[in-house]
Amino acid sequence: EPIAAASLGQVYRAKIRGQEGEEDRWVAVKVQRPNIMNQIALDMHLIRDVAPFMKRTFNLNTDFVGVVDTWGAGFVDELDYIEEAINAKTFMEGIGPTPLSGVVFSPPVVDELTTRKVLTTEWVVGERLDKSGKEDVSILCSIAMNTYLTMMLETGVLHCDPHPGNLLRTTDGKLCILDWGMITKLDPDLQITLIEHMAHLTSADYEEIPKDLLLLGFIPENKADLIRDSGVVETLAEIYGAWTVGGGAAAINVNKVIADLQDLTAEKGNLFQIPPYFAYIAKSFSVLEGIGLSNDPKYSIINECLPYVSKRLLTDKSERTGGALSTFIFGPDKNKEDRIIDYDRVEQLVSGFGDYTTSASGELQGKNTTRAEVIEGLADQVLDLLASEEETPLQGIFIEQLAKIITSSSRTVWSDLRERSGTLSNGRTVLGTLVDPLGVFRTSPVVRANQLDERTVETTRNLLNLLTTTTSSGPSALDASTLTNTEVVEISSIIVRKLWEKRSGVVATSNRLAMQLLQLTANRLESGEREILVVPTRKVDEPVETDGAIHAENESRATKSVVEPKESSDRLAVARRILETVEQ
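Residues numbered from 1 in each chain as written. Predicted model: local features only at pLDDT ≥ 70, side-chain atom pairs only at ≥ 80, totals over all residues. Heavy atoms only, no water.

Trainee: Honestly, the sheet that holds strand β4 (residues 104-105) in this entry has me stumped. Any pointers?
Mentor: In sheet architecture, strand pairing relies on hydrogen bonds along the backbone and comes in two forms, parallel and antiparallel. Spatially, β4-β9-β8-β6 is the arrangement adopted by the four strands of the open sheet, whose pairing is mixed. Strand pairing shows two members of the sheet lacking a second neighbour, β4 and β6 (126-128), which therefore form its edges. Across the sheet, helix α4 (residues 137-155) is in contact with β4, β8 (167-170) and β9 (175-177); its angle to β9 comes to roughly 45 degrees. (Pairing = 2+ DSSP bridges. Helix = DSSP H or I, 4+ residues; strand = E, 2+ residues; numbered from the N terminus. Contact = heavy atoms within 4.5 Å. Axes fitted to C-alpha atoms, helices over the stretch in contact; angles between N-to-C directions.)

Below you can see the structure in the form of structure tokens.
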């Protein structure tokens, strides 16, 4: 008797008798129903005939014929069990290099017993994910989401039939994905566009959403002139915002959404369409959302995308992903020269990346790791991200911001020390007079702090607090004060070894940082304003105080005026010559 049945075939449990000295093996045997191809062909032919009528009747933009053709091609491919076996193997090969390889898998195929109409795989002991009462179900739901995002946006082969019966929790707490007959393939350009769109969604950059929908094919090209309309942006922002809160469609005021879309349609015409490729993607992720909601009523599929999106933005080396990373952490200021990272966005990114690393590696499932192993893993992550020989988008942003932090902190510390040293009767500080007797650099933009420096220093303080909080929380929390002498020695050797292994990348990164510091200095000399301090003059016959005390007047109390820098200055010329020499 079959143990499972579906429209295209049914599954039996069988035993393969072992050869001499080998144990018997239990396997799953899927057998295709007879004459199923003719039934599918007839059904798809009838649906395809009705599709144009539906499009005309309801005046829709969606290419229904294209959607039907996409579904039909998928059904036909699903009937070839040899192709299904290849799909399962392709998944395992693609997931192998990722942290997910140890926590998710497809059943191994028994090739010698597989044909176009019979598929044999090893028997997997487990229970349906949506019916499991184990405590790690929410973790496995997160692993499932990361797995499907990895398939869609990384390997390019997406499993399109993730109904609850095809997602199993195995007895050892792993996720098994069954039934690889229905898949869809995504080209790299579409993958990057989807990553950009998801980055905008998870960071709530709703102003970018209409442009994304145009590039993804959800808005026809002849409607491109309408995508920047405030009404479109506000309507989409409200829908996506409600979706982000969690709870699925039940948490959204469906009647209001329909009314808003109807008003938008009445004013702009039919603005939206469903591209054919999206049919399978929607099917996959709607099922995942349903499983998530069955386990957690406040489940938010958009928020669940954040860990993978964070990981991809931080590790991907492509130029377009780098642009999405800039949008994520700088927001509207991403194209400004004086841009400073947005702390809230960075906190979101770091939190998401940490969640991905933790869940993908199975750490939340009780995997025991020593504190030395935690440090080693952290060192590998940091050095891989920031000390690569070839500059990546993340490294470029890191070096740029680190250079700004160094220069801003230096100017702020210098200004603070100078003012604390006290003020002479001529208006100059004691420390400034000692270091620069002639006052050459007294008002130079290179040494005087401004509002941008204050913003940079404040952001740095927040980032340090974030780093402290991140390293002291979560399952891998590490309290340095509790380390034993043996652990300190072991961790020190690990860090030294990792730095030595990455020495060429560390040197390259240091060189880029030095270049960035020189470039910032040259830019500040060229565009910075030079302050002129005007101190009150004393009449010739006015008596001079000679109490010998240093008066603690703040230099900033003197009257200030600003003049534009000369187009050509000796210091600027020197800085440019230094840059040219270093580049050579």
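Trainee: Sorry if this is basic, but what is going on with the packing of aromatic side chains here?
Mentor: For any pair of aromatic rings, the description consists of the separation of the ring centres together with the inter-plane angle of the planes. The tally for this structure, following the rule as stated, stands at two aromatic pairs. On the numbers, 4.8 Å between centres and 80 degrees between planes, the contact of Phe 218 with Phe 278 is edge-to-face. In this pair, Phe 218 sits in the loop between α6 (209-215) and α7 (230-245) while Phe 278 sits in helix α9 (residues 278-295), placing the two residues 60 residues apart along the sequence. Judged by relative accessible area, Phe 218 falls into the buried class, the value being 14%. Judged by relative accessible area, Phe 278 falls into the partly exposed class, the value being 24%. In this structure, Arg 13 is placed above the aromatic ring of Trp 123, and the distance from its NZ or CZ to the ring centre is 5.0 Å. (Phe/Tyr/Trp six-rings, centres within 6.5 Å; stacked < 30°, edge-to-face > 60°. Buried < 20%, exposed > 50% of the residue type's maximum accessible area, 1.4 Å probe, protein only. Lys NZ or Arg CZ within 6 Å of the ring centre and 35° of its normal.)

Trainee: Explain the pattern of salt bridges to me, please; I cannot follow it from the model alone.
Mentor: For side chains of opposite charge, pairing can occur when their charged atoms come near one another. One pass over the full model with this rule turns up 14 salt bridges. In this structure, the salt-bridge partner of Lys 30 is Asp 179, at a minimum N-O distance of 3.3 Å. Of this pair, Lys 30 sits in strand β3 (residues 25-32) while Asp 179 sits in the loop between β9 and β10 (183-185), and the two are 149 residues apart along the sequence. Look at Lys 30 and you get buried, because its relative accessible area is 15%. Note that Arg 48 and Asp 69 form a salt bridge whose closest N and O atoms lie 2.6 Å from each other. A residue pair is termed long-range when its members are at least 10 positions apart, and Arg 48 in helix α1 (residues 36-57) and Asp 69 in helix α2 (residues 64-78) qualify at 21 residues. Taking the relative accessible area as the measure of exposure, Asp 69 reaches 34% and is therefore partly exposed. Via salt bridges that share partners, Arg 25, Glu 112 and Glu 122 belong to a single interconnected network. (Salt bridge = Lys/Arg side-chain N within 4 Å of Asp/Glu carboxyl O.)

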